[in-house]
Amino acid sequence: MNRRRPPRSASSGELLTTLQQLTSRARREVELQRARVELAEALQREMLPSTLPDCPGLWTAARYAPARSGLDIGGDWYDGFVLPDGALAFAIGDVQGHDVEAAAFMGQVRIAMRAMAATAADPGEIVGRTNDLLLTVDSGLFATCTFVRLDPVAQELHSARAGHVAAVWGTADGRSGLTTDEGGLPLGIRAGEHYPVTRRRLTGPGAFVLVTDGVIEGPSFPIDQGLDAVMRLVAVRGTADAGELADAVLRTAERTGHEDDAAVLVLRHGAVPGRD
């Protein structure tokens, strides 16, 4: 009397119906994820500049590699444009996160920085004003960046850094190193942050290379090792074609062992390649 009736086995029809429901749900989730990836990729493509400015004695190149998986896209960016006084501006950065929201925030950073650069000449002031403006948006995201102002007449490079990795410089005689500017906090963390400006005189042929951490850091590639690899490359190929150098630096990312996106910005200055 106390024995329980054994549970009824599901019929083949019921199992088939359940399987169809699970398959349909999985398909909808895959389609939603694919749509978000395509949106992030579209935002990334449209927000990165199609060309970079250059001038006599300066050749520029940039490279971007999307992440190797799913929604990990949209965080890294670069930019280059002519300032009102004829100087050239370049920037590179990395937004927290890698999804549609990060891609949208990247666009806000880029537009805000261009707007500030139209009314201020000092890179530290430009980065500081951009930081304060982004905090009013209250997105909850933050971004690292380096902003560079290059005066082609005086052959001077002024830069300000907001929590971003150091830049790499190289000269025609095979020397290379890292910039040692102090920098400030990433954008979007604290209002009124001060961003010191580092000044560098371009006295001869060489290269100034900016990267995001996706190029130099990963589970199998510590950041110090990554920066050292880029420095060795720039020491050997610092007077090479800007595009060739950018390609070589970006290939460093293949050794990091992680799936982050990566960006490289090369400023090749001095004599025409092949005539040093």
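So, here's what we can say about the structure.

### Brief notes about the nonpolar core
Among the nonpolar cores identified, the biggest contains 46 residues, and Trp77, Met113, Val127, Phe147 and Leu187 are the most heavily contacted of them. Considering each element in turn, this core owes the most residues, 7 residues, to helix 2 (residues 100-117). One finds Val165, Ala207, Val215 and Ile216 within the second-largest nonpolar core, a separate group that totals 21 residues.

### Observations regarding the pattern of salt bridges
For the structure shown, the criterion picks out 10 salt bridges. Salt-bridge contacts for Glu156 lead to Arg201; the nearest nitrogen and oxygen are separated by 3.8 Å. Remark: Arg201 occurs in strand 8 (residues 197-201) and Glu156 occurs in strand 5 (residues 156-162); sequence separation between them is 45 residues. Assessed through its relative accessible area of 30%, Glu156 is described here as partly exposed. One salt bridge connects Arg190 with Glu193, and the closest N-O pair in it is separated by 2.6 Å. Of the residues examined, Glu193 reaches a relative accessible area of 14% and is grouped as buried.

### Let's talk about the packing of helix 2 against helix 3 (residues 123-137)
Helix 3 packs onto helix 2 with a crossing angle of 135 degrees between their chain directions and a minimal axis gap of 9 Å. In terms of orientation, helix 2 lies oblique with respect to helix 3. The interaxial crossing formed by helix 2 with helix 3 has right-handed handedness. Where helix 2 approaches helix 3, its residues Phe105, Gln108, Val109, Ala112, Met113, Met116 and Ala117 are matched on the opposing element by Ile126, Val127, Arg129, Thr130, Leu133, Leu134 and Val137. The residue makeup of the contact of helix 2 with helix 3, split by class, is 11 nonpolar, 2 polar and 1 charged.

### Comments concerning the layout of surface pockets
Here the largest pocket defines a volume of roughly 180 Å³. Along its surface, the largest pocket is lined by 14 residues, and Thr171, Arg200, Arg201, Thr203 and Gly204 are the ones closest to its centre. Mapped by element, the contributors of at least two residues to the lining of the largest pocket are strand 6 (168-171), strand 8 and strand 9 (206-211). Among the elements that make up the lining of the largest pocket, the one with the highest residue count is strand 6 (3 residues). Class assignment of the residues belonging to the lining of the largest pocket gives a composition of 5 nonpolar, 5 polar and 4 charged.

The rules behind each value
Residues numbered from 1 in each chain as written. Predicted model: local features only at pLDDT ≥ 70, side-chain atom pairs only at ≥ 80, totals over all residues. Heavy atoms only, no water. Core = buried A, V, L, I, M, F, W, Y, C linked by side-chain atoms within 4.5 Å. Buried < 20%, exposed > 50% of the residue type's maximum accessible area, 1.4 Å probe, protein only. Helix = DSSP H or I, 4+ residues; strand = E, 2+ residues; numbered from the N terminus. Salt bridge = Lys/Arg side-chain N within 4 Å of Asp/Glu carboxyl O. Axes fitted to C-alpha atoms, helices over the stretch in contact; angles between N-to-C directions. Parallel < 35°, antiparallel > 145°, perpendicular 65-115°, else oblique. Left-handed = near helix turned anticlockwise from the far one by under 90°. Contact = heavy atoms within 4.5 Å. Nonpolar A, V, L, I, M, F, W, Y, C, P; charged D, E, K, R; others polar. 1 Å grid on protein atoms, 1.4 Å probe; cavity = no way out; pocket = protein on both sides within 12 Å on 5 of 7 lines; lining within 4 Å. Points joined across faces, edges and corners; volume = space filled by probe spheres on them.

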